[in-house]
Amino acid sequence: MAQKEVSHKKAAVLGLQHLLAMYSGAVAVPLLIGTALHFNSTQMTYLVSIDIFMCGLATLIQLFRNKYFGIGLPVVLGCAIQAVAPLEMIGQKFSINTMYGAIIVAGIFVFLIAGWFSKIKKLFPPVVTGTLITVIGLTLIPVAFQNMGGGNAQAKDFGDAKNLIAAFITILIIIAIEVWTKGFLRSISVLIGLIVGTLIASCMGLVSLKPVAEASWFHLPQFFYFGVPEFEWSSCLTMIIIALVSLVESTGVFFAIGDLLHQDITEEDLKKGYRAEGLAQIFGGLFNTFPYTTFSQNVGLLQLSGIKTKRPIYWAAGLLMAMGLLPKIGALVTIIPDSVLGGAMLVMFTMIAVQGIKMLTKVDFENNRNILIVAISIGMGLGVTVYPQIFQDLPQTIQLFLGNGIVVASICATLLNLLFNGRSGAYK
């Protein structure tokens, strides 16, 4: 049964909640790459603000289902974090223009192979998708904990009492709202937790308004801001591999949301979803930003809020684009302390893991082979997440694949299922 649509006022608030949930992940990529390539403050301001604008545009491309592209699910797109190290390497070894040329080529590649790649649906029965979604949630939990401690595990004040108090207060607020309220108030529990958590953190001296004061009022996106793209084969190949990694991760997110909406995800859905990501990546290269991928962070929020329609996501996309054009407004979001964000992330990310476990209840665990598929895949996925350097002696190209716990879990689950069950999912 289709869910009743929420009003635009409520959708705007829910959209803001989705925006806050993904914002830190979205701005992390430009901050990391800009710092590595020694950008000055003007370049960094452009990079962050236009990246936020592009997150909104990429989300709209994916939401707007049509004959050629767009999966039409309530998903949010942001920068692919797995692209950071390869892009830094390309930017330092060659040039920033080579970096953007490689992003464009990878985007074109994704768009062209979308139809062929969508055939992998046959390889994703419940034992594989349930395992993959569980791993997505579990591999994100360390990110939440790092933020709860203050964001930088190497910092002297990591795990400081103020950070922990702010994080756990945020968690308690979200839990209290979920338990003792109902209706719309419950659906925005994460947003309320973030706002109240930030207010309490500001009383402890954890909030600075300096980013807001320093940001400009208005900024327009420009084609080739840093220069005309240049093309170098090894850089292009590297970004194509990263794009394939992102597609595997996005596939898990599509199936997770399909399960939430009780909607079967078809090959046609996947094809249009992949094409939308390819288009978003091409635009990222043209506007001198980054590759974009479907964010798993927001799946937990859909589950938590109970609102699973697209209208709030349209609002989130619009707000992202507005914030990209108005850097001072965009900077307001950056004042949320990492510890407060970490508390909210912990709730959302564990919800994703539970969603995966729920999917696994459809699997026949009387069959030991299915136990092996899930156990080995989750073990490998989490192991690589904690120690990605285990593959450091392998060729760089292989490392790009095997350094991502979600991809490793996906490969393991798919291959083991083919080995033990053929193409069947071994339902109960």
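Here, every reference points to the structure presented above.
Residues numbered from 1 in each chain as written. Predicted model: local features only at pLDDT ≥ 70, side-chain atom pairs only at ≥ 80, totals over all residues. Heavy atoms only, no water.

Looking only at helices and strands, the protein has 18 helices and 2 strands in total. On C-alpha atoms alone, the protein measures out to a radius of gyration of 21 Å, which is about the 22 Å that the 2.2 N^0.38 rule sets for 428 residues. Each principal axis of the C-alpha distribution contributes one length, and for the protein these read about 60 × 55 × 45 Å. Looking at the protein as a whole, 57% of its 428 residues qualify as buried. A sequence separation of at least 24 residues applies to 84% of the contacts in the protein between residues at least 6 apart. Of the accessible surface of the protein, which amounts to about 18,000 Å², a share of 67% is contributed by carbon and sulfur atoms. Across the protein, the centroid of the 26 positively charged side chains sits 10 Å from that of the 20 negatively charged ones. (Helix = DSSP H or I, 4+ residues; strand = E, 2+ residues; numbered from the N terminus. Rg over C-alpha atoms; globule rule 2.2 N^0.38 Å. Buried < 20%, exposed > 50% of the residue type's maximum accessible area, 1.4 Å probe, protein only. Contact = heavy atoms within 4.5 Å. Areas by Shrake-Rupley, 256 points an atom, 1.4 Å probe, with all protein chains shown as cover. Lys, Arg positive; Asp, Glu negative; His and termini not counted. Charge placed at Lys NZ, Arg CZ, Asp CG, Glu CD.)

Moving on, we come to the packing of aromatic side chains. Following the criterion strictly, the structure yields 6 aromatic pairs and no others. Aromatic side chains Trp116 and Phe117 sit 6.1 Å apart centroid to centroid with 55° between the ring planes, which places their arrangement in the tilted category. Trp116 gets classed as exposed once you look at its relative accessible area, which sits at 64%. In this structure Phe117 comes out as buried when scored by relative accessible area, which is 9%. With 5.6 Å between their ring centres and 25° between their planes, Phe124 and Phe255 make a pair best called stacked. In this pair, Phe124 sits in the loop between α4 (96-117) and α5 (126-148) while Phe255 sits in helix α10 (residues 233-260), placing the two residues 131 residues apart along the sequence. Every member of this aromatic cluster is reached through a ring pair, and the members are Trp116, Phe117, Phe254 and Tyr274. (Phe/Tyr/Trp six-rings, centres within 6.5 Å; stacked < 30°, edge-to-face > 60°.)

Our next topic: a nonpolar patch on the surface. Taken together, the side chains of Trp217, Phe218, Leu220, Leu326 and Ile329 make up a nonpolar region of the molecular surface, amounting to roughly 540 Å² of accessible area. Relative to the helices and strands, Leu220 is located in the loop between α9 (210-214) and α10. For Leu220, a relative accessible area of 52% translates into the label exposed. (Patch = residues over 30% accessible without salt bridge, like charges linked within 9 Å, V, L, I, M, F, W, Y side chains within 5 Å. Salt bridge = Lys/Arg side-chain N within 4 Å of Asp/Glu carboxyl O.)

Now for the packing of α5 against α10. Running from N to C, α5 and α10 point in directions that differ by 105°, and their axes come no closer than 9 Å. The angle between α5 and α10 places the two elements in the roughly perpendicular class. Here Thr129, Leu132, Ile133 and Ile136 of α5 lie close against α10, whose contacting residues are Val248, Glu249, Gly252, Val253, Phe255 and Ala256. Classifying every residue of the contact of α5 with α10 by side-chain character gives 7 nonpolar, 2 polar and 1 charged. (Axes fitted to C-alpha atoms, helices over the stretch in contact; angles between N-to-C directions. Parallel < 35°, antiparallel > 145°, perpendicular 65-115°, else oblique. Nonpolar A, V, L, I, M, F, W, Y, C, P; charged D, E, K, R; others polar.)

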